[in-house]
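# Residue-level structural notes
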Amino acid sequence: MKNGFKKAIAIFGLVAATGMVLSPAMAEEFEVKMLNKGEKGTMVFEPDFIAAQPGDTIKFVPTDKGHNVESIEGMLPAGVEEFKSKFNVEYVLTVEEEGVYGVKCTPHYTMGMVALIAVGELGNLEEAQAVKHKGKSKKVFADLFEQVQ
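What comes next is a walk through the structure. These figures come from a predicted structure and were not determined experimentally. Residue numbers run consecutively from 1 along every chain, following the written order of its sequence. Note on the predicted model: pLDDT of at least 70 is required for a residue's local features to be given, and 80 or more for side-chain atom pairs to be given and counted; whole-chain, interface and lining totals, by contrast, use all residues. With hydrogens and water stripped out, all remaining heavy atoms of the structure feed into the side-chain values.

### Let's talk about helix 3 (residues 137-146)
Along helix 3, the residues that are buried comprise S137, V140, F141, L144 and F145. Looking straight down helix 3, one finds its buried side chains confined to an arc of 135 degrees; they lie on one side. Along helix 3, the residues that are exposed and aim more than 90 degrees away from the buried face are K138, K139 and E146. Residue contacts follow a heavy-atom distance rule, with two residues in contact if any of their heavy atoms lie within 4.5 Å. Strands are runs of DSSP state E lasting at least two residues, helices are runs of H or I lasting at least four, and both sets are numbered from the N terminus onward. Contacts made by the buried residues of helix 3 are with strand 3 (49-52), strand 7 (99-104), strand 8 (114-119) and helix 2 (125-129). Buried residues are those whose accessible area, probed at 1.4 Å on protein chains only, stays under 20% of the maximum for their type, while exposed residues exceed 50% and partly exposed ones sit between those limits. Relevant arc is that of directions from the helix axis to the C-beta atoms, nothing else.

And the structure:
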């Protein structure tokens, strides 16, 4: 028993020393800038497409004033509550459920200020793609959905 215990301690020490101790995976944090002008034009989220995993966080940063982030009806996974941030305030969204999350800047939605977040298995993809959009958002979402794999 004595040798077995020493052997177990030695193995544990080796595993700990090599960094192989079992621990939960670290969640990733993505930063999305809310901009008046970006690489893709005016009134944009940058980036506007994020492939995330459950538990990751998306931090929306009002780099330029006059922006917020709001969920789009019909473009959230089942069980996720709709949300809407205040203007000019950083907002952090933790994506716990798998699926597609569609977001917009409330006053600049028709100008195409939208973003798409794809988390794990996309069970609500068809439902999200069926949502009708106004103005430039229609084209932006068509382009964003092409990035979903």
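### Remarks on the sheet that holds strand 6 (residues 91-95)
Note: strands within a sheet are paired through backbone hydrogen bonds, in either parallel or antiparallel orientation. Two strands are said to pair when DSSP picks up at least two bridges between them. The strand order 2-1-4-6 describes an open sheet built from four strands, whose pairing is mixed. If you trace the sheet from one side to the other, it starts and ends with strand 2 (41-46) and strand 6, each paired once. Going from strand to strand, the sheet's axes swing by 20 degrees on average, the running direction of each strand aside. Orientation is described by axes fitted as lines to C-alpha atoms, over the contacting stretch for helices, and by angles from 0 to 180 degrees between their N-to-C directions.

### With respect to the sheet that holds strand 8
Here four strands make up an open sheet; going across it, the order is 3-8-7-5 and the pairing mixed. At either margin of the open sheet sits one strand with a lone partner, and together these are strand 3 and strand 5 (70-71). Taken together, the four bridges between strand 3 and strand 8 define a ladder with parallel strand orientation. Paired with F49 across the strands is L116, a residue of strand 8. Across the sheet, helix 3 touches strand 3, strand 7 and strand 8, and the angle it forms with strand 8 is around 25 degrees.

### Describing the side chain of N68
Its location among the elements puts N68 in the loop between strand 4 (56-61) and strand 5. A polar contact of 3.3 Å, which involves the side chain of N68, links it to the backbone oxygen of S85. Reaching out from N68, the side chain makes a polar contact with the backbone nitrogen of T106 at a distance of 2.9 Å. If we skip the residues at most four places from it in the chain, N68 touches M34, F45, K84, S85, K86, F87, K104, C105, T106 and P107. Here a polar contact means two N or O atoms within 3.5 Å. Within protein one must be a hydrogen donor candidate and the other an acceptor candidate, and residues neighboring in sequence count only if both atoms are side-chain atoms.

### A look at the pairing of strand 7
Burial of strand 7 is extensive: six of the six residues sit out of reach of the surface. In the sheet, strand 7 pairs with strand 8 via six bridges, with the strands oriented antiparallel. When the bridges of strand 8 are listed, G99 appears paired with V119.

### A few points about the packing of aromatic side chains
Geometry of aromatic contacts follows a simple scheme: Phe, Tyr and Trp rings, the Trp one being its six-membered ring, pair when their centres are within 6.5 Å, and the pair is stacked under 30 degrees between planes, edge-to-face over 60, tilted otherwise. For the coordinates displayed, the defined rule picks out three aromatic pairs. Ring geometry for F45 against F60: centres 5.8 Å apart, planes inclined by 75 degrees, an arrangement best described as edge-to-face. Taken together, the residues F45 in strand 2 and F60 in strand 4 connect sequence positions 15 residues apart. We note that F45, like F60, is buried.

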